Amino acid sequence: MKKTTKILLTVFALCLTTVAMAQSTITGKVMGSDMDAPLPGANIIEKGTTNGTNTDFDGNFTLKTRASSGEIIISYVGYVSQTISFSGDQTLETVTLQSSDVGLEEIMITASVAVDRKTPVAVSTIKAAEIELKLGTQEFPEILKSTPGVYATRAGGGYGDGRVNLRGFDSENVAVMINGVPVNDMENGNVYWSNWAGLGDVTSSLQVQRGLGASKVAVPSVGGTINIITKTTDAVKGGNIMSSIGNDGYLKYGMTYSTGLTEKGFAATVSASKISGDGYVDGTEFSGYNYFVSLSQQINDAHRLSFTAFGAQQQHGQRFNRSTIEELQDTDSGPQTANKDWGYKNGEVYHQSYNFYHKPQMSLNHLWNINDNSALSTAVYASFGSGGGRRDEGSKIGSADYRIGLTGLQPIDFDRVVRENRDNGVDGSSDIISSSRNSHEWYGILSTYRNEINDKLTISGGLDGRSYVGSHWYQVDDLLGGQFFLDNETDTFAFGKPLQVGDKYNKDYDGVVLRYGLFGQAEYQLTDSFNLFMAADVSNSSYKQKEFMNNTIVGSRESDWVDFLGYGIKGGGNYNLNSNNNVFVNVGYFSKAPFLDNVFLDEDGIIPNEDAVNEKVFSAELGYGFRGDKLSANVNVYYTNWLDKSFGGSIGTGEDIFFYNLQGIDALHQGVEVDFRYKATGNLTLTGMVSLGNWQWKSNVSADIRNQAGDIVDVVEVFADGIKVGDAAQTTFALGANYNFAARTTVYVDYNYAGDNYASYDVTNRGSNDLPEVWQIPDFGLFDVGIRHSFDMGSFEATLLGKVNNAFNTEYVSDANDIDGSAFKAQVYYGPGRTYSVGLKLNF
């Protein structure tokens, strides 16, 4: 018996030894060819098994295999996978994955993408895999909510109506660029995310550069730059089919197909999807089509042409008008979903507030690799927008007397309005539905030359030219049962005419913008550890307005050109103290031309504002970074002084209206940001950030109001010194956990907190020192959870995605307009409650 036991123990020990000897340890580092930077989170799988691991922040990995020899597969979204053989323990050194996007090189030259531990800016990058995992039914800007300095909401809650603030600055002062092309509105600087509703489908990476950023061209990056890089043409043949469902009838389905790179150097990728739903908020039904096309042709070793076009044709109901907290609480549907901007007409949902728009953007890129050290990338682009937002005329629509129910937030009784308009007979309609129409033609060229002079010095420069014409008018859409509508504005050509559906009234004008400039940049690698950066730009903005509706204008109906010269200079340096620690500093100053809306205060006129001046911005930032095997962290301290912020306004009405321009309103935005990523175990990764801001207005100003004779008719005073800047949370906090149950299954939990959030207000209305403090929105925190599981479905690789946002259905105010400093009168939007989505994607 003892002998048998001894034999069994010996066999067991030999088995253990054999298993131990069969295992191998593979180490290496994974880099991306397009950015010459590590790829954190790349997948390393032992072929034929579920055994795998992921790279850390620096791209390093260690994999203990189950077999002593075999193959490992290294993959990362947006890159061509590599299969590498191994036998025994092996160190692979650096594995460079080639980008699967043909045509990405020319985009990277023009897009000014920041490189970690080299470019001296505060930056956060979100890759396509994370966007796919976490976006779900959220608005595209909400994917940034765990980024330092960012406050993103759905605003009214309609499809595409989201907004984002960066370090306390709204989209007017945050540059948004798609493939290096600026997309902020040329007339007012705003970004209308509904125009880009399909971005989540086609984004390869999303980079937020806070502060001055690395952009070469003249853009309004006071708060920072949101740099969106779309997918280009895929070098690998294949595609995918996807579908997802969610709360409130959310349905989305689509497909992507790539031909792969042919022997003749041609490749094509096409993607299309359809989306629809009832909307979380009452009366916000939506539908849309998203599309993306990318074609690439390698002409020879030196030249490549690529063409990209994408867009989203969408329509959606809106919650435009805000309500008080008391009004929203006193509703049947609840404060999160209540909406007073919709009703019923002929038994069907009908909207008082409604948006419809289509803004395709297309670009033709040419890359010329002049030699091994220099390249010229030129993009010629165009965008054509058409659509509008619904309006109403009259006093009945929206009033409490014309509701189906007893409270003011019940659906609108459009049928009653129709009956009364019919009864009016020859007197016409008292109330109608119209739309504010906006269309534009935008053409541009962006050309960048880059030359690596030697191992230390790289220079780049180029030109940026843009031509824009935006047309704006009001149009009758629905007479609501009446025979015609009479416009009561005496100073328009529509006055006294019986207007029919399709007729223009109220306003009809074109805004014309020409902008052209030069830019240059130099990067100098002083030592292996010390990198210096300097950039400068100069641009001229020319504005003109054409008026077609105002009947008081005599002679020419277009203004003279008004020119503003803008410029900017910024520089900095990054010093890598060692392989783990680095510090950077940047400083810059720029003079930004006012937007067209600040030059022509009266949309019905052609007389420019002679007091319009450039706004000035001084910014400085100090940063520290740590990169370890398990922990990566960043600390940034910023100081942004905004000088001569322009505000325009008016007093009086009708023919006695006078306009004014306030100058010298300054604001100071300063704060501290911390973010980290910690790989606690091989399967668990923790992320987090804290952003502490202190944003205040810093001046009191006044302006004289004069008539055309030069006489002072009034004085406007603003007492803003020391008042907190509103419309964004000055304190934000985020904590997240990602856990890999297996090589192909990931779950995540995210928590986001927002505090020190002051309601939005018009600073020019602060006409007295005795006014109360601006209302502070209550702090709130939200939990999101989700899962991604990949598996084989026959010959297809399938990915199942599920996510829940605001998992505990927290009630909170996300946006507010201050009225008298109290919660009682504040006009607010509630953020959405619990939402969910489930999606399936099949790759082939």
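Residues numbered from 1 in each chain as written. Predicted model: local features only at pLDDT ≥ 70, side-chain atom pairs only at ≥ 80, totals over all residues. Heavy atoms only, no water.

1. Considerations on the overall build of the protein chain
- Broken down by element type, the protein chain carries seven helices and 48 strands.
- Over its C-alpha atoms the protein chain spans a radius of gyration of 29 Å, differing by no more than 12% from the 28 Å that the globule rule assigns to 844 residues.
- For the protein chain, the C-alpha atoms occupy an extent of roughly 110 × 60 × 60 Å along the three principal directions.
- Each of the 844 residues in the protein chain was classed as buried or not, and the buried ones make up 54%.
- Looking at the protein chain alone, contacts between residues at least 24 apart form 67% of all its contacts between residues at least 6 apart.
- Summed over its atoms, the accessible surface of the protein chain is roughly 35,400 Å², and 55% of this surface lies on carbon and sulfur atoms.
- Charge separation in the protein chain, taken as the distance between the mean sites of 64 positive and 98 negative side-chain charges, equals 10 Å. (Helix = DSSP H or I, 4+ residues; strand = E, 2+ residues; numbered from the N terminus. Rg over C-alpha atoms; globule rule 2.2 N^0.38 Å. Buried < 20%, exposed > 50% of the residue type's maximum accessible area, 1.4 Å probe, protein only. Contact = heavy atoms within 4.5 Å. Areas by Shrake-Rupley, 256 points an atom, 1.4 Å probe, with all protein chains shown as cover. Lys, Arg positive; Asp, Glu negative; His and termini not counted. Charge placed at Lys NZ, Arg CZ, Asp CG, Glu CD.)

2. Regarding the environment of Lys616
- Locating Lys616 in the fold gives a position in strand β35 (residues 615-627).
- Sequence-wise, Lys616 and Lys645 are 29 residues apart; in three dimensions their C-alpha atoms are separated by 7.8 Å.
- The residues contacting Lys616, other than those within four sequence positions of it, are Tyr589, Phe590, Asn641, Trp642, Leu643 and Asp644.

3. Looking at the side chain of Arg167
- Within the element layout of this structure, Arg167 appears in the loop between β12 (163-166) and β13 (174-178).
- Dropping the residues within four chain positions of it, Arg167 is found in contact with Ala122, Gly149, Arg210, Gly211, Gly223, Glu621, Tyr638, His669, Glu673 and Trp695.

4. With respect to the pattern of salt bridges
- The final tally for this structure, using the stated rule, is 26 salt bridges.
- The shortest N-O distance in the salt bridge between Lys616 and Asp644 comes to 3.2 Å. Residue Lys616 is found in strand β35, and its partner Asp644 is found in strand β36 (residues 631-651); the two are separated by 28 residues along the sequence.
- Between Asp792 and Arg744 there is a salt bridge, with the nearest N and O atoms lying 3.3 Å from each other. On the criterion of sequence distance, the pair formed by Asp792 in strand β44 (residues 780-793) and Arg744 in the loop between β41 (729-742) and β42 (745-758) is long-range, its members being 48 residues apart. (Salt bridge = Lys/Arg side-chain N within 4 Å of Asp/Glu carboxyl O.)

5. So, empty space enclosed by the protein
- Taken as a whole, this structure holds eight cavities of 30 Å³ or more when the rule is applied.
- Looking at the second largest cavity, its volume works out to about 100 Å³.
- What lines the second largest cavity is a set of 16 residues, among which Gly198, Val202, Asn290, Tyr291 and Gly311 lie closest to the centre.
- Listing elements by their share of the lining of the second largest cavity, those giving two or more residues are α4 (199-202), β20 (266-277), β21 (286-298) and β22 (303-317).
- Residues belonging to the lining of the second largest cavity are distributed by class as follows: nine nonpolar, six polar and one charged. (1 Å grid on protein atoms, 1.4 Å probe; cavity = no way out; pocket = protein on both sides within 12 Å on 5 of 7 lines; lining within 4 Å. Points joined across faces, edges and corners; volume = space filled by probe spheres on them. Nonpolar A, V, L, I, M, F, W, Y, C, P; charged D, E, K, R; others polar.)

6. Quick notes on the pairing of strand β48 (residues 835-843)
- Sheet topology note: the strand β18 (residues 238-246)/β48 ladder contains seven bridges and is antiparallel. Considered in β48, the bridge of Asn240 is made with Asn843.
- For strand β45 (residues 796-805) and β48, the ladder comprises nine bridges, and the chain directions are antiparallel. Bridging from a neighbouring strand, Gly802 pairs with Val838 of β48. (Pairing = 2+ DSSP bridges.)

7. Observations concerning the sheet that holds strand β28 (residues 412-413)
- If you walk across this open sheet you meet the three strands as β24-β23-β28, and the pairing is mixed. Looking at strand neighbours, the two that pair on one side only are β24 (348-351) and β28, the edges of this open sheet.
- In this sheet, β28 lies alongside strand β23 (residues 342-345) in parallel orientation, the contact comprising two bridges. Looking across to β28, one finds that Tyr344 is bridged to Asp413.
- In the packing of helix α6 (residues 414-424) onto the sheet, the strands contacted are β23, β24 and β28, and the crossing angle to β23 comes to about 55°. (Axes fitted to C-alpha atoms, helices over the stretch in contact; angles between N-to-C directions.)

8. Describing a negative patch on the surface
- On the surface, a cluster of negative charge is made up of Glu326, Glu327, Asp330 and Asp332.
- As for its position among the elements, Glu327 is in helix α5 (residues 325-329).
- We classify Glu327 as partly exposed; its relative accessible area is 35%. (Patch = residues over 30% accessible without salt bridge, like charges linked within 9 Å, V, L, I, M, F, W, Y side chains within 5 Å.)

9. A few points about the nonpolar core
- Judged by nonpolar contacts, the single largest core of 69 residues is most densely connected at Leu144, Leu199, Leu206, Ile228, Trp697 and Val828.
- Once residues within four sequence positions are removed from consideration, Leu199 is found in contact with Phe140, Ile178, Trp193, Ile228 and Phe310.
- Val30, Ile72, Phe86 and Leu92 belong to the second largest nonpolar core, which has 16 residues in total. (Core = buried A, V, L, I, M, F, W, Y, C linked by side-chain atoms within 4.5 Å.)

10. Remarks on the sheet that holds strand β15 (residues 203-210)
- Overall, mixed pairing links the five strands, which are arranged β10-β15-β16-β13-β14 in an open sheet. If you trace the sheet from one side to the other, it starts and ends with β10 (122-127) and β14 (181-182), each paired once.
- Pairing analysis gives five bridges linking β13 to strand β16 (residues 224-230), with the strands arranged parallel. Bridging across to β16, Val174 finds its partner in Gly224.

11. Side note on the environment of Phe719
- Within the element layout of this structure, Phe719 appears in strand β40 (residues 712-719).
- Measuring from C-alpha to C-alpha, the distance between Phe719 and Gly136 comes to 44 Å, with 583 residues separating the pair along the chain.
- What Phe719 contacts, discounting residues up to four positions off in sequence, is Asn700, Arg766, Gly767, Ser768 and Asn769.

12. Concerning the confidence of the model for the protein chain
- Summarising the model, the protein chain shows a mean pLDDT of 90, and 92% of its residues fall at 70 or more.
- Between residues 11-21, whose pLDDT stays under 50, and residues either more than four places distant or in other chains, the model counts one contact. (pLDDT = per-residue confidence, 0-100.)

13. Examining the pairing of strand β46 (residues 813-817)
- Of all the five residues making up β46, four are buried; the element is thus mostly covered by neighbouring parts of the structure.
- When β46 meets strand β47 (residues 827-830), the two strands line up antiparallel, connected through four bridges. Residue pairing in the sheet places Ala816 in a bridge with Val828 of β47.

14. A word on unusual backbone geometry
- A positive phi angle, near 70°, is found at Asn506, a position not held by glycine.
- Inspection of the secondary structure assignment puts Asn506 in strand β31 (residues 504-525).
- Unlike most non-glycine residues, Asp756 shows phi in positive territory, near 50°.
- Checked against the element boundaries, Asp756 lands in strand β42.
- Residue class for Asp756 comes out partly exposed when judged on its relative accessible area of 30%.

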